[in-house]
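The lines below spell out each chain.
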Amino acid sequence: MKALAARRHHRFAPVVLLLLALLVTGGVYAALAPSPASADTASTEDIETGQKLFQANCATCHGPSAEGSDTVPSLVGVGAAAVDFQVSTGRMPMQMEGPQAIQKPRQFDEEQTAQLAAYVASLGAGPAIPTDEQVDASLGDPSNGAAVFRTNCAMCHNAVGAGGALSEGKFAPPLWETSERNIYQAMQTGPQSMPVFNDMNVTPDEKRDVIAYLVEQRDGSAGGLDLGSLGPVSEGLWVWIVGMGLLIGAAVWIGAKSS
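Residues numbered from 1 in each chain as written. Predicted model: local features only at pLDDT ≥ 70, side-chain atom pairs only at ≥ 80, totals over all residues. Heavy atoms only, no water.

## Remarks on the overall build of the chain
Of regular secondary structure, the chain possesses 11 helices and 2 strands. Counting from the amino terminus, helix and strand elements in the chain follow one another as α-α-α-α-α-α-α-α-β-β-α-α-α. Counting only residues that meet the buried cut, the chain has 32% of its 259 residues in that class. Across the chain, contacts joining residues at least 24 apart in sequence account for 63% of those joining residues at least 6 apart. (Helix = DSSP H or I, 4+ residues; strand = E, 2+ residues; numbered from the N terminus. Buried < 20%, exposed > 50% of the residue type's maximum accessible area, 1.4 Å probe, protein only. Contact = heavy atoms within 4.5 Å.)

## Some remarks on the packing of aromatic side chains
One pass over the full model with this rule turns up 2 aromatic pairs. An angle of 50° between the planes, with centres 5.4 Å apart, marks the rings of Phe54 and Tyr119 as tilted. Of the two residues, Phe54 sits in helix H3 (residues 44-57) while Tyr119 sits in helix H6 (residues 110-123), which places them 65 residues apart along the sequence. Taking relative accessible area as the criterion, Phe54 reaches 1% and is therefore assigned buried. Between the aromatic rings of Phe149 and Tyr213, the centroid separation amounts to 5.7 Å while the plane-to-plane angle is 50°, which identifies the pairing as tilted. Linking Phe149 in helix H7 (residues 142-152) with Tyr213 in helix H10 (residues 204-216), this pair joins segments that are 64 residues apart in sequence. The two residues Phe149 and Tyr213 agree in class, both being buried. Sitting over the ring of Tyr184, Lys207 keeps its end group 5.9 Å from the ring centre. (Phe/Tyr/Trp six-rings, centres within 6.5 Å; stacked < 30°, edge-to-face > 60°. Lys NZ or Arg CZ within 6 Å of the ring centre and 35° of its normal.)

## A look at the side chain of Thr89
Tracing the backbone through its elements, the reader meets Thr89 in the loop between helix H5 (79-88) and H6. Looking at Thr89, the relative accessible area reads 4%, which means it is buried. Within polar-contact distance, the side chain of Thr89 engages the side chain of Arg91 at 3.0 Å. With residues near it in sequence (within four places) discarded, Thr89 still touches Asp84, Gln103, Lys104 and Asn182. (Polar contact = N/O pair within 3.5 Å; in protein donor to acceptor, adjacent residues only side chain to side chain.)

## So, the layout of surface pockets
Volume-wise, the largest pocket comes out at about 1,000 Å³. What lines the largest pocket is a set of 38 residues, among which His62, Pro73, Gln86, Met92 and Met94 lie closest to the centre. At the level of secondary structure, the elements contributing two or more residues to the lining of the largest pocket comprise H3, helix H4 (59-62), H5, H6 and helix H9 (180-189). The dominant element in the lining of the largest pocket, judged by the number of residues it contributes, is H5, at 4 residues. Taken together, the residues that form the lining of the largest pocket break down as 21 nonpolar, 15 polar and 2 charged. Empty space within the second largest pocket amounts to approximately 550 Å³. Forming the walls of the second largest pocket are 34 residues, and the residues nearest its centre are His157, Pro173, Leu175, Ala186 and Met194. Listed by contribution, the elements that provide at least two residues to the lining of the second largest pocket are H7, helix H8 (154-157), strand S2 (171-172), H9 and H10. (1 Å grid on protein atoms, 1.4 Å probe; cavity = no way out; pocket = protein on both sides within 12 Å on 5 of 7 lines; lining within 4 Å. Points joined across faces, edges and corners; volume = space filled by probe spheres on them. Nonpolar A, V, L, I, M, F, W, Y, C, P; charged D, E, K, R; others polar.)

Here you go:
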């Protein structure tokens, strides 16, 4: 018993306990964390064709092996979802340098986009392109989506997804015409200044709920004139200009009548 007690107070005991704690934590995380998708479902032909497309159109900036540079991010491990989002919205390849990539007509068709995504996904595991069921707004809960959106997204995209200005010439785009798949992929991959909302902090069901909420906003306001759906700023400006203007006008009219 004395020998066991002495070992418990050994100077290396805290180090051993710390290593054991880290080992247990890593094992639990590996068992419970969602596994990133890979390019296993893509054919070898698609990957090879995607590599040729990449070398011809993307390697100038991202490097021949997609390793990136000091000013251009590496694409190793970004996954197929990031490629599909950037290429399907026309943000990549970029038309010109600027604070952020601007959405424009897409340069590649759906098949070419899928081939590019397959090649980049083969370089390292990352988020996969979501399934049709994952982005089906009819299966989501708009009420819960509104709560999730207000908590995580409204400070940049506005409470109803109308978009807004950010710093240094950047902006959060409006989401009314963004496809359901692209909305999901943006939450998965965090493009531009947007943070990544992985499945640990916003679950797949909550992502679908957010999509359901945003789709509902496309039908217009149920309460009459929406004032551009810009929230309390536009409403406050309207009250200040029209409401205060009417009050001042009424005060001047009453003063004139009294005199």
